[in-house]
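For reference, the chains in residue letters:
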Amino acid sequence: MDGEALTVLLEWTIYGFSGEKELGLPASQSKTWLADRSFWQSWVKENEPQHIPPVKCIKWVCMKEEPVWGNEVVNDKLSTALDTCFSGQTVAALAFTALSQQSRDIPLMRADLPKQHVTSSALQGLHDYIKGKAGFYMTLEGFSNSRKCQHMVAKIKFPVPFHLLDLLIIPINVRESHWFPAHLDVKF
Amino acid sequence: MSFLDSSYAYSATDYPRQKMLWWIFYRMAWTAHSNADAPAPSWVVHPARITSLHPRLTQLAPVMVQALGKQKDVTVDSITEVKIAFIIARKEIM
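Since the model is a prediction, treat every value here as computed from it, not as a measurement.

Q: Which residues make up the overall build of chain B, and what values do they have?
A: The helix and strand tally for chain B stands at 5 helices and 1 strand. When the helices and strands of chain B are placed in sequence order, the string is β-α-α-α-α-α. For chain B, contacts bridging at least 24 residues in sequence account for 44% of all contacts bridging at least 6.

Q: Summarise the overall build of chain A; cite the residues concerned and give the values.
A: When you go through chain A residue by residue, the secondary structure sums to 4 helices and 9 strands. Ordering the α and β elements of chain A from the N terminus gives α-β-α-β-β-α-β-β-β-β-α-β-β. Among the 188 residues that make up chain A, the fraction classed as buried is 21%. Considering only intrachain contacts with a sequence separation of at least 6, the fraction spanning at least 24 residues in chain A is 68%.

Q: Please provide a residue-by-residue account of the packing of helix 4 (residues 140-154) of chain A against helix 2 (residues 15-33) of chain B, values included.
A: Where helix 4 of chain A meets helix 2 of chain B, the axes come as close as 9 Å, and the angle between the chain directions of the two elements is 65°. Between helix 4 of chain A and helix 2 of chain B, the angle falls in the class roughly perpendicular. Both helix 4 of chain A and helix 2 of chain B take part in a crossing whose hand is right-handed. Judged by residue contacts, Cys149(A), Gln150(A), Val153(A) and Ala154(A) of helix 4 of chain A engage Phe25(B), Met28(B), Ala29(B) and Ala32(B) from helix 2 of chain B. In the contact of helix 4 of chain A with helix 2 of chain B, the residues fall into 7 nonpolar, 1 polar and no charged.

Q: Any details on the nonpolar core? Residues and values, ideally.
A: Judged by nonpolar contacts, the single largest core of 20 residues is most densely connected at Val153(A), Leu168(A), Ile170(A), Leu184(A), Phe25(B), Met28(B) and Ala29(B). Looking at this core, the elements with two or more residues in it are helix 4, strand 8 (167-174) and strand 9 (178-185) of chain A together with helix 2 of chain B. Val61(A), Leu78(A), Leu82(A) and Met138(A) belong to the second-largest nonpolar core, a separate cluster that totals 14 residues.

Q: Provide a residue-level description of the domain arrangement of chain B, including the pertinent values.
A: All names here are of chain B. The domain architecture assigned to chain B consists of domain 1 (1-44) and domain 2 (46-94). On the domain 2 side, the residues contacting the 5 residues of domain 1 number 5 residues. Looking at the side of domain 1 that touches domain 2 residue by residue, the classes come out as 3 nonpolar, no polar and 2 charged.

Q: Outline helix 3 (residues 76-87) of chain A, listing residues and values.
A: Residues and elements named next belong to chain A. For helix 3, spanning 12 residues, the distance from its first C-alpha to its last is 16 Å, which sits close to the expected 16 Å at 1.5 Å a residue. Among the residues making up helix 3, those that are buried are Leu78, Ala81, Leu82 and Cys85. Seen along its axis, helix 3 keeps its buried residues to an arc of 95°; they face one direction.

Q: Summarise the environment of Lys148(A); cite the residues concerned and give the values.
A: All names here are of chain A. In this structure, Lys148 sits in helix 4. Overall, Lys148 belongs to the exposed group, with 12 C-beta atoms counted inside 10 Å. For the pair Lys148 and Glu46, spaced 102 residues apart in sequence, the C-alpha to C-alpha distance is 8.3 Å.

Q: Just give me the short version of the confidence of the model for chain A, but keep the residues and values in it.
A: Residues and elements named next belong to chain A. Taken as a whole, chain A shows an average pLDDT of 77; of its residues, 72% reach a score of 70 or greater. For chain A, the element scoring lowest by mean pLDDT is strand 4 (residues 92-97), at 49; strand 7 (residues 136-139) scores highest, at 92. A low-confidence stretch, residues 95-103 (pLDDT under 50), is modelled with 18 contacts involving residues beyond four sequence positions or located in other chains.

Q: Give me the confidence of the model for chain B: which residues, what numbers.
A: In the predicted model, chain B carries a mean pLDDT of 80, and 83% of its residues have values of at least 70. Complex prediction metrics read pTM 0.71 and ipTM 0.72.

Q: Can you explain the environment of Thr51(B)? Please cite residues and give values.
A: When you line up the elements, Thr51(B) lands in the loop between helix 2 and helix 3 (55-58). Sequence spacing of Thr51(B) and Gly69(B) is 18 residues, and the spatial spacing of their C-alpha atoms is 7.6 Å.

Analysis parameters
Residues numbered from 1 in each chain as written. Chains lettered and ligands numbered in written order. Predicted model: local features only at pLDDT ≥ 70, side-chain atom pairs only at ≥ 80, totals over all residues. Helix = DSSP H or I, 4+ residues; strand = E, 2+ residues; numbered from the N terminus. Contact = placed C-beta atoms within 7 Å. Buried ≥ 20, exposed ≤ 12 C-beta atoms within 10 Å, placed from the backbone. Axes fitted to C-alpha atoms, helices over the stretch in contact; angles between N-to-C directions. Parallel < 35°, antiparallel > 145°, perpendicular 65-115°, else oblique. Left-handed = near helix turned anticlockwise from the far one by under 90°. Nonpolar A, V, L, I, M, F, W, Y, C, P; charged D, E, K, R; others polar. Core = buried A, V, L, I, M, F, W, Y, C linked by C-beta atoms within 7 Å. Domains from an automatic or database assignment. Expected span 1.5 Å × (residues − 1). Arc of directions from axis to C-beta. pLDDT = per-residue confidence, 0-100.

Now the structure itself:
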């Protein structure tokens, strides 16, 4: 194919055709999403494993729904202590607006864990949660971080509806020296 | 959903963690953007490859990974057995 034909073909592919009288190919519908490098850098940073100091294990929240992302941690002592905290009538009930498409409200309760039960050893990561009698318990810090991640994801604009994507291309930082694109085949 | 091999060739050491972050992202993006009628994403892992995944993804404790590593063939049954043995041992300690 010579250069001119290729240019014409590309123009058809890019601009498509608007009516029956015009010749050309329909506009291509990209089913690939290329992640922005700065987005992915922030994503990796926000999800980095980190040491949880005890001071961050004082304030807890209780959700009725299981967190979208996180690891369930089994700790009977902590779970019992949190059950007691969230079973009281004095718990402050807060309502946060969810960032999902439906803009649902997540019923949320907040409570401080008594000092004698505060321990960071039960948690391995910021997004850890504990299943208890009142719901799913997570530290306030972990919950806030999780919401930040949800914000980031909600703001993304995909070229086609997400479930129709065939391929995701993610920039991966290798040995902090260069980036390469990792391809994810997500065809169903 | 599958991961193309080129990803492994470029970052073998960080691969399990990257894979975990992709999966976190994919699950969250699905929750926020997908059509409710569309089938939910699934990730099918061959039992023999489960120990190569990030432990926070599989929720396998280091002792479980160690126990599975000693087995010749890792199957669904052997994973279940190791998990049950771990839960029983944990309860006995408490």
